[in-house]
Amino acid sequence: MSTIVLKSGHRDGHTHGDEKNYRHHKIGHKHGEGFSIDAYAYASKIRDWNPAFKVSLSWLTLILCIVLNNPYVSIVVIIAMAYLTIIVGGLSIQAYLSILTIPISFIFLSTFTIGIDFSTLPIGQYNLYLGFCYVFTSQAKLKIMFFLILKVFGAISAMEMMTLSTPSFEIISVLQRAHVPKLIAELMNLIYRYIFILMDVNNKMRNSADSRLGYCDIKTSWYTFGKIASNILIVSFKKADDYYNAMEARCYDGDLIFLEEVKKVKIIQITKAAVFIIFLILLWGFTR
Amino acid sequence: MGEPILKIKDLYYDYGNGTAALNGVSVDIYEGEKIAVIGSNGAGKSTFFLNTNGVLKPDQGEISYRGTIINKKNLKELRKNIGIVFQDADNQIIASTVMAEVGFGPMNLKLPKEEVLKRVEEALTYMNILDYRNRPPHYLSGGEKKRVSIADIIAMKSEIIIFDEPTAGLDPLNAQMLEEVLGKLCSEGKTMLISTHDVDFVYRWAERTLVFCQGKIIADGTPLEIFQNEEILKQANLKQPTMMEVYDLLVEKHLLEDTKAYPISTQAFKEMLGNM
């Protein structure tokens, strides 16, 4: 009886913790976004779709979006992927927008240089005198810039559909089946598992340093940072030994093999995906 | 008593820093025994466990499992039959989901996939964590991780299970859950070795106690024998279980007749006092 009580108590404790992960701040981001992406992937309602299907759909869409180079296709991709992630996958709109905005400044900076140019003469369709030179642009150029932004966002949302619905280890196992070298796949698996432990250890060390005034001024902060970095290195070596022992104790003999759940692809899913892809190509054909 | 299931003879191990971590350890372990391993930090308990499992290779000495002496060739047999639940679950959990984690051992045993799935399901049900099957370990609490690490070993169906300080860092409720699991495993006839610093736990749970001190076993007997031996307690920096202290105190104050019948639990103590 007591174990049953225990379990429900635990589950409650858990949803609470999860809620904390899902509750999102306003649009924008702060440190640890990677963690929430991971949490969203586990919470996604399309998590039980076959990972290979999701990964290939997302890659195919990404490639089509880039190769077809068509604003209508880009718009359809953006809408379709948002639909998959938000409506079907059940992610909140705020969280989705917040994640999409991570690369936004990068995109604007890089497309800006395509849209505008500088000159000493007042040329171009529109220009602005800055005192020593002219900034100029034209409708055609702005159009290129705008289409490029659409294309990039289409590509990003295709990738986000994958990362927000497929936990990393599933993506890794798909890569493994796609014959990515075993060493790389195993490394990815281990890194994914241990990055959380590393973060945890780092956090603990930082807190304990902070509680002893380790960050009271800039100079001390740098000093503490260095100390923590070297300490983490030593701790990692020690822990690596422990992990290896624990793995050996369970008959590890050189090959990391994990049990995987088989998730079947439904015919209806493949059909829908095929219709979507054909629609994209037709759309491109008609608006070319 | 029959043949010992695990026979350890003259084990020496040195970490390479001059001091011997194990300095001639010999012990016979019989099937179904409940053994507590006690001793201060750095007395060699963990090193002893890693040696018995074959992770560390002893400098000297031999281990035989069910009459077969363990060498390089049949090392896997030893690891298969002796499972260790490590002190820090985070040091043990390697996979990214609970299911893959519990399946890690059976997969390494090269069992067919259906068998692995069956064992994983059984182990998760056993530990009451079937619902967490698809969770990643980094979203589990300490107590939940501990259960996963125990399920790991249950799925391997080891005959001997070693727990390295299982109660460390657990809250009372989880510690109680752990004791229930230990009881359940016991009733299934598993042989268990548990290292701990909790003398009260040793007193109420163990049938046999090994006391480690500076790489040697300085005492081997029932908890009662060991906790009555002042010299050993002093040497290994141990204290008496509260139950024994209270009993002795009552005897000293002439409130209780000295029959040396130490009560094993609070319940037994209550009955003893009730009979007076």
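In this text, all values refer to a predicted model and were calculated from it rather than measured experimentally. (Residues numbered from 1 in each chain as written. Chains lettered and ligands numbered in written order. Predicted model: local features only at pLDDT ≥ 70, side-chain atom pairs only at ≥ 80, totals over all residues.)

## Examining the overall build of chain B
And step 1. The helix and strand inventory of chain B stands at twelve helices and ten strands.
And step 2. Against the 2.2 N^0.38 benchmark of 19 Å for 276 residues, chain B shows a C-alpha radius of gyration of 20 Å, consistent with a compact globule.
And step 3. For the C-alpha atoms alone, the extent of chain B along its principal axes is close to 65 × 45 × 35 Å.
And step 4. Per-residue burial over chain B gives 45% buried out of 276 residues. (Helix = DSSP H or I, 4+ residues; strand = E, 2+ residues; numbered from the N terminus. Rg over C-alpha atoms; globule rule 2.2 N^0.38 Å. Buried ≥ 20, exposed ≤ 12 C-beta atoms within 10 Å, placed from the backbone.)

## Points about the sheet that holds strand E10 (residues 216-221) of chain B
All names here are of chain B.
And step 1. Pairing within the open sheet is mixed, and its six strands lie in the order E6-E7-E8-E3-E9-E10. Strand pairing shows two members of the sheet lacking a second neighbour, strand E6 (82-85) and E10, which therefore form its edges. Within the sheet, the average angular offset between the axes of one strand and its neighbour, ignoring direction, is 20°.
And step 2. Sheet strands in contact with helix H6 (residues 142-156) are E6 and strand E7 (160-164), and its direction is about 175° off that of E6. (Pairing = 2+ DSSP bridges. Axes fitted to C-alpha atoms, helices over the stretch in contact; angles between N-to-C directions. Contact = placed C-beta atoms within 7 Å.)

## Notes on the interface of chain A and chain B
Many structure descriptions define interface size as the accessible area lost when the parts assemble.
And step 1. With 31 residues of chain A at the contact, the number on the chain B side is 36 residues.
And step 2. Contributions of two or more residues to the side of chain A that touches chain B are made by helix H1 (2-22), helix H9 (182-211) and helix H10 (218-249) of chain A.
And step 3. The leading source of residues in the side of chain A that touches chain B is H10 of chain A, at eight residues.

## Quick word on the domain arrangement of chain B
Residue and element names in this part refer to chain B.
And step 1. Structurally, chain B comprises domain 1 (6-240) and domain 2 (241-276).
And step 2. Domain 1 and domain 2 are separated by 32 Å when their C-alpha centres are compared.
And step 3. In this complex, domain 1 contributes seven residues to the contact, which on the side of domain 2 involves eight residues.
And step 4. Considered class by class, the residues forming the side of domain 1 that touches domain 2 number four nonpolar, one polar and two charged. (Domains from an automatic or database assignment. Nonpolar A, V, L, I, M, F, W, Y, C, P; charged D, E, K, R; others polar.)

## Brief notes about the nonpolar core
And step 1. If you look at the biggest cluster of nonpolar residues, it comprises 81 residues, and the most contacted ones within it are Val102, Ala151 and Ile162 of chain B.
And step 2. A total of seven residues in this core trace back to one element, the largest contributor, which is H6 of chain B.
And step 3. Apart from residues lying up to four places away in sequence, Ile162 of chain B is in contact with Phe49, Ile82, Gly83, Ile84, Val85 and Leu193 of chain B.
And step 4. Grouped together as the second largest cluster of nonpolar side chains are 25 residues, Tyr40, Leu68, Phe153 and Leu164 of chain A included. (Core = buried A, V, L, I, M, F, W, Y, C linked by C-beta atoms within 7 Å.)

## Focus: the packing of helix H3 (residues 51-68) of chain A against helix H11 (residues 267-287) of chain A
Residues and elements named next belong to chain A.
And step 1. Running from amino to carboxyl end, H3 crosses H11 at an angle of 0°, the nearest separation of the two axes being 11 Å. Considering the angle they form, H3 stands roughly parallel to H11. Along its contact with H3, which presents Phe53, Leu57, Leu60, Leu64 and Leu68, the element H11 presents Gln269, Ala273, Ile277, Leu280 and Trp284.
And step 2. Broken down by class, the residue content of the contact of H3 with H11 amounts to nine nonpolar, one polar and no charged. (Parallel < 35°, antiparallel > 145°, perpendicular 65-115°, else oblique.)

## So, the sheet that holds strand E1 (residues 6-14) of chain B
Residue and element names in this part refer to chain B.
And step 1. Strand order in this open sheet of four strands is E2-E1-E4-E5, and the pairing throughout is antiparallel. Strands at the two margins of the open sheet, each flanked by one partner only, are strand E2 (20-29) and strand E5 (68-69).
And step 2. Pairing analysis gives two bridges linking strand E4 (residues 60-65) to E5, with the strands arranged antiparallel. Bridging from a neighbouring strand, Ser64 pairs with Ile69 of E5.

## Description of the pairing of E6 of chain B
Residues and elements named next belong to chain B.
And step 1. Of the two faces of E6, the one holding Ile82 and Ile84 and the one holding Gly83 and Val85 are both buried throughout.
And step 2. Here E6 runs beside E7; their pairing, made up of four bridges, is parallel. Residue Gly83 lies in a different strand from E7, and its bridge partner there is Ile161.

## Overview of the pairing of strand E3 (residues 34-38) of chain B
Residue and element names in this part refer to chain B.
And step 1. By the criterion of burial, E3 is predominantly enclosed, with four of the five residues buried.
And step 2. As paired elements, E3 and strand E8 (residues 191-195) share four bridges and run parallel to each other. The residue of E8 that forms the bridge with Val37 is Ser195.
And step 3. The pairing of E3 with strand E9 (residues 208-213) spans four bridges and is parallel. Its bridge partner being in E9, Ile35 is matched across the sheet by Arg208.

## Considerations on the domain arrangement of chain A
And step 1. Under the domain assignment, chain A is made up of domain 1 (25-166 + 260-288) and domain 2 (181-257).
And step 2. Computed from C-alpha coordinates alone, the two centres of domain 1 of chain A and domain 2 of chain A are separated by 34 Å.

## Side note on the packing of H9 of chain A against H10 of chain A
All names here are of chain A.
And step 1. Between H9 and H10, the shortest axis-to-axis distance is 10 Å and the interhelical angle comes to 140°. The angle between the axes of H9 and H10 places the two elements in the oblique class. In terms of crossing hand, the pair formed by H9 and H10 is right-handed. Between H9 and H10, the contacting residues are Val201, Asn202, Met205, Arg206 and Ala209 on the first element and Thr224, Ile228, Asn231, Ile232 and Val235 on the second.
And step 2. Classifying every residue of the contact of H9 with H10 gives six nonpolar, three polar and one charged. (Left-handed = near helix turned anticlockwise from the far one by under 90°.)

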